[in-house]
Amino acid sequence: MKIQPDKFDVGPLLLQEKVPVPKNSMASELSQQLAELGANMLLKCLHDLPRVSSSAQIQPVEGATKAPKLMPVMSELNFVEHTADVVDRRFRGASEKYPLHCRWNGSVVKLYDMVALQELESLQLDAAVNDAASKPPGYGYYLKKHQLLCIRCKNGWVAFRSICPKGKKIMTAKEFYNGFLSKCEHKDKLFVA
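Residues numbered from 1 in each chain as written. Predicted model: local features only at pLDDT ≥ 70, side-chain atom pairs only at ≥ 80, totals over all residues. Heavy atoms only, no water.

### As for the overall build of the protein chain
Part 1: Looking only at helices and strands, the protein chain has 6 helices and 7 strands in total.
Part 2: For the protein chain, the N- to C-terminal ordering of α and β elements is α-α-α-β-β-α-α-β-β-β-β-α-β.
Part 3: Computed over C-alpha atoms, the radius of gyration of the protein chain comes to 22 Å, more than 25% over the 16 Å expected from 2.2 N^0.38 for 193 residues, which places it beyond the range of a compact globule.
Part 4: Projecting the C-alpha coordinates of the protein chain onto the three principal axes gives extents of approximately 75 × 35 × 30 Å. (Helix = DSSP H or I, 4+ residues; strand = E, 2+ residues; numbered from the N terminus. Rg over C-alpha atoms; globule rule 2.2 N^0.38 Å.)

Take a look at the structure:
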């Protein structure tokens, strides 16, 4: 596209290419892929600038979207409101810059190493958790066989391999279970916004 003074992302398109977003890709991976593609397209434009300029096309208004600037608030989780897909997208889009977090037992906890939703579905968590359908959003369950911290959300489950309670080091789900979640006084604590 052409650049106008004091404006960005305006003017006719000189070259455009559609790119499929790979499933389960993290923001950094997609950014790298798009940077490489953009660099190659820029070289292609510069190599044949007169022809490319003469075939420039006006950007269509319909279908255009504007992505919001990435902010720390985008990594806050509310399991009552968020579906598993929303948590997954927030993990892939924001967690490398702003770790996903919520509150547990009155303190902030950061959640790391989210399990892909397809992998989690194959574990049939609803069958593993006693009376799973009655568990409220935010309910935490340690899946011992796979060493995962599973948290009930609006429409199902999400799972993490690592967690960091405030003031502590990052620990595995097993360490969190042994040190916190398994204790009687913590059994009914929910992960909340």
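From this point on, the discussion continues.
### Concerning helix H6 (residues 173–181)
Part 1: Residues of H6 that are buried: Ala-173, Phe-176, Phe-180 and Leu-181. Projected onto a plane normal to the axis of H6, the buried residues spread over an arc of 65 degrees and lie on a single side. (Buried < 20%, exposed > 50% of the residue type's maximum accessible area, 1.4 Å probe, protein only. Arc of directions from axis to C-beta.)

### Considerations on the pairing of strand E4 (residues 148–153)
Part 1: The buried fraction of E4 is high, at 6 of 6 residues.
Part 2: Burial of E4 is two-sided: the residues Leu-148, Cys-150 and Arg-152 facing one way and the residues Leu-149, Ile-151 and Cys-153 facing the other way are all buried.
Part 3: In the sheet, strand E3 (residues 140–143) pairs with E4 via 4 bridges, with the strands oriented antiparallel. Bridge assignment links Tyr-141 to a residue of E4, and that residue is Cys-150.
Part 4: Joining the antiparallel neighbours E3 and E4 is a turn of 4 residues, in which Gln-147 adopts a positive phi near 50 degrees. (Pairing = 2+ DSSP bridges.)

### Structural notes on the packing of aromatic side chains
Part 1: Scanning the entire structure with this criterion turns up 7 aromatic pairs.
Part 2: Here Phe-176 and Phe-191 contribute two aromatic rings whose centre-to-centre distance is 6.3 Å and whose plane-to-plane angle is 45 degrees, an arrangement assigned as tilted. Placement of the pair is Phe-176 in helix H6 and Phe-191 in strand E7 (residues 191–192), with a sequence separation of 15 residues. A single burial state applies to Phe-176 and to Phe-191, both of which are buried.
Part 3: Every member of this aromatic cluster is reached through a ring pair, and the members are Trp-104, Phe-176, Phe-180 and Phe-191. (Phe/Tyr/Trp six-rings, centres within 6.5 Å; stacked < 30°, edge-to-face > 60°.)

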